[in-house]
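Descriptive structure summary
Now for the letters of each chain:
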Amino acid sequence: MASLSEMYDVGWEEMRDKLRKWREDNCRNSEQIVDVGEELISEHSSKLGDDIWIIYEQVMIAALDCSRDDLALTCLQELRKQFPDSHRVKRLTGMRLEALERYDDANKHYDAILQEDPTNTAARKRKISILRAQGKSTEAIRELNEYLEQFVGDQEAWHELSELYINEHDYGKAAFCLEELMMTNPHNHLYCEQYAEVKYTQGGMENLELARKYFAQALRLNNRNMRALFGLYMSASHIAASPKVSAKVKKDNIKYAAWAAAQINRAYKVSIEMSYLDSTFHCFYSFFFFIGY
Amino acid sequence: MSCLLSCLAYVKMYLHSCLFPRCSVNGLLLSSSSAGGAVCVTDCVPLLHSHLPLAPITQLALTQVKEDLRVQEGDQKGRREPGCRRWPNRLVELLQALVSRVPLPVLSPVDFCRLGTDCCPFLSRIMLRQWEETRDIASQLLESGDHGLLVDFDGHLDDITKDWTNQTLNAKIAELSSPANGSI
């Protein structure tokens, strides 16, 4: 079978740069990382210099995600040889044990790290991940709350806690976590939209009005957010349809809903025109290719 | 209650769970049933792979599927242009349906990891016609990477040019499961 570099006519530098971009963007495209990384490691490791170690780590984590224990072990062994006493490598050892569902052994590894370094946040978060993997949501929530009391600025942890609360249908606490995230990330339209969805799900007039406001805020930050557009339409329509609201509130919300409907209509018309143009372009392209242009 | 799963429904459920191996996914099973008989699940509509417990997108997805099915029934009586997009024309009806008090269908969790007789608490027996062929079709599509063709409703909202009704994938599954291929 042809290698990736042969199939796509790319050199080892492009593959290295691609891996770096995926690292910086925190992409979880594990299958692609394994394909590119495995070839880079096996055929070009001598050219990578010190980058090889971070690539080993990146490929190892992606390999665990794809159940490629063979590749993960290869990468881990190289890292252990180079960094025998590293907590970071010990954490990777723990992650491999987690992937093999040897949770007790993984916990022992993390406890050993925490004994030497109680401030190691990565090991603490892995222990919480184990609880989540085992379906122990209540314990995971408790541990995560204790963690956040000490590390209150950890946004990843706040987001994880909001997800846990949503899965437990504890929407009030999920909303609190998302409020923390919105405070530190006021320009993130996704947090606004998720907060609005939680408020909509909670129900009640006050929550619906908050939902409408935050759907609108998400649209201000990103006017292509379709979930926010539909959410604005639905929340405004429900408020307008309520018998408890005043005539002015009803009129305003009818206006908001009409605007959202028009935007949705426009977005779908544009998408159809683009699909038509795309298929027309392909027809023309095929035509020219066929007649030898 | 017993349930007969069609090849199309099973394969789409399987591919949906394979496309998002790290998430919980949900979808709608479309069925016809005779009184007192087994439920025949003829198709599956993959819906969400994120924030399943939140209401707005679930409500939107269920309403759109219902509208689409209603229009399909009407289309069967008249002529339907292949590949036409009905969205802009039916937008008003859809949006009105969204805010009307439409009773939701029963939602039942299905554990895709154990897609067998014990995967759904509401059903006492799940039957699959020609299980070997169905399983082969699912594996073939997964190995060829065609599970990437599947678009769920979440994916449609991320990019509204993608077709959540999965016409291309449906055609591929129908082709693989046709008698001409020595299959079902």
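Definitions and cut-offs
Residues numbered from 1 in each chain as written. Chains lettered and ligands numbered in written order. Predicted model: local features only at pLDDT ≥ 70, side-chain atom pairs only at ≥ 80, totals over all residues. Heavy atoms only, no water. Helix = DSSP H or I, 4+ residues; strand = E, 2+ residues; numbered from the N terminus. Buried < 20%, exposed > 50% of the residue type's maximum accessible area, 1.4 Å probe, protein only. Contact = heavy atoms within 4.5 Å. Areas by Shrake-Rupley, 256 points an atom, 1.4 Å probe, with all protein chains shown as cover. Buried area = accessible area lost by both parts, 1.4 Å probe. Salt bridge = Lys/Arg side-chain N within 4 Å of Asp/Glu carboxyl O. Polar contact = N/O pair within 3.5 Å; in protein donor to acceptor, adjacent residues only side chain to side chain. Nonpolar A, V, L, I, M, F, W, Y, C, P; charged D, E, K, R; others polar. Axes fitted to C-alpha atoms, helices over the stretch in contact; angles between N-to-C directions. Parallel < 35°, antiparallel > 145°, perpendicular 65-115°, else oblique. Left-handed = near helix turned anticlockwise from the far one by under 90°. pLDDT = per-residue confidence, 0-100. Core = buried A, V, L, I, M, F, W, Y, C linked by side-chain atoms within 4.5 Å. Lys, Arg positive; Asp, Glu negative; His and termini not counted.

Check the secondary structure of chain B and you find six helices and four strands. If you list the helices and strands of chain B from N to C, you get β-α-β-β-α-α-β-α-α-α. A total of 184 residues make up chain B; the buried ones form 42% of that total. Considering only intrachain contacts with a sequence separation of at least 6, the fraction spanning at least 24 residues in chain B is 64%. When the accessible surface of chain B is totalled, it reaches about 9,800 Å², and 53% of it is carbon and sulfur.

Glancing now at the interface of chain A and chain B. Between chain A and chain B, the residue contacts involve 31 residues of the former and 23 residues of the latter. For the pair chain A and chain B, the summed buried area comes to about 2,600 Å², and 68% of that belongs to carbon and sulfur atoms. Joining chain A to chain B, the criterion identifies four salt bridges. Across the pair aspartate 158 of chain B and arginine 227 of chain A runs a salt bridge, and its minimum N-O distance is 2.8 Å. Run the count over chain A and chain B and you get nine residue pairs in polar contact (both at pLDDT 80 or more). Secondary structure elements with two or more residues in the side of chain A that touches chain B: helix 3 (30-44), helix 10 (155-167), helix 12 (189-202), helix 14 (226-241) and helix 15 (247-290) of chain A. If you tally residues by element for the side of chain A that touches chain B, the top one is helix 15 of chain A, at nine residues. Per-class residue counts for the side of chain A that touches chain B are 14 nonpolar, ten polar and seven charged.

Moving on: the packing of helix 13 (residues 205-221) of chain A against helix 14 of chain A. Residue and element names in this part refer to chain A. The contact between helix 13 and helix 14 brings their axes to 8 Å, and the two run at 150°. Classified by the interaxial angle, the pair formed by helix 13 and helix 14 is roughly antiparallel. Note that helix 13 runs across helix 14; the crossing there is left-handed. Contacts between helix 13 and helix 14 involve Met205, Leu208, Glu209, Ala211, Arg212, Phe215, Ala216, Ala218 and Leu219 on the former and, on the latter, Arg227, Ala228, Leu229, Gly231, Leu232, Ser235, Ala236, His238 and Ile239. Split by residue class, the contact of helix 13 with helix 14 holds twelve nonpolar, three polar and three charged.

Here we come to the confidence of the model for chain A. When the pLDDT values of chain A are averaged, the result is 90; 92% of them are 70 or greater. Low pLDDT (under 50) marks residues 281-293 of chain A, which in the prediction has one contact with non-local residues, meaning those over four places away or in another chain.

Attention now moves to the environment of serine 50 of chain B. All names here are of chain B. Tracing the sequence through the fold places serine 50 in the loop between strand 3 (39-48) and helix 2 (55-77). The spatial distance from the C-alpha of serine 50 to the C-alpha of leucine 149 is 19 Å, given a sequence separation of 99 residues. Separated by 3.0 Å, the side chains of serine 50 and aspartate 154 make a polar contact.

Quick look at the nonpolar core now. Membership of the largest hydrophobic core comes to 61 residues, with the highest contact counts inside it found for Leu161, Met226 and Phe230 of chain A together with Leu47 and Phe153 of chain B. Looking at this core, the element that brings in the most residues is helix 14 of chain A, giving nine residues. Aside from chain neighbours lying at most four places away, what touches leucine 47 of chain B is His16, Asn26, Gly27, Leu28, Ala61, Leu62, Val65, Asp152, Phe153 and Asp154 of chain B. One finds Ile33, Ile41, Ile55 and Met95 of chain A within the second-largest nonpolar core, a separate group that totals 34 residues.

Two quantities define a packed helix pair, namely the angle between the axes and the distance from one axis to the other. Residues and elements named next belong to chain A. Their axes nearest at 12 Å, the elements helix 10 and helix 12 cross at an angle of 25°. Comparing their axes, helix 12 and helix 10 come out roughly parallel. Our pair here, helix 10 against helix 12, has a crossing hand that is left-handed. Across the interface between the two elements, His159, Ser162, Glu163 and Ile166 of helix 10 pack against Tyr191, Gln194 and Val198 of helix 12. Tallied by class, the residues present in the contact of helix 10 with helix 12 amount to three nonpolar, three polar and one charged.

This brings us to the side chain of glutamate 163 of chain A. Inspection of the secondary structure assignment puts glutamate 163 of chain A in helix 10. An unpaired buried charge is present at glutamate 163 of chain A: no salt bridge exists, and arginine 132 of chain A, the closest side chain of opposite charge, is 5.3 Å distant. Every residue in contact with glutamate 163 of chain A, bar those within four places of it in the chain, is listed here: Arg132 and Gln194 of chain A together with His51 of chain B.

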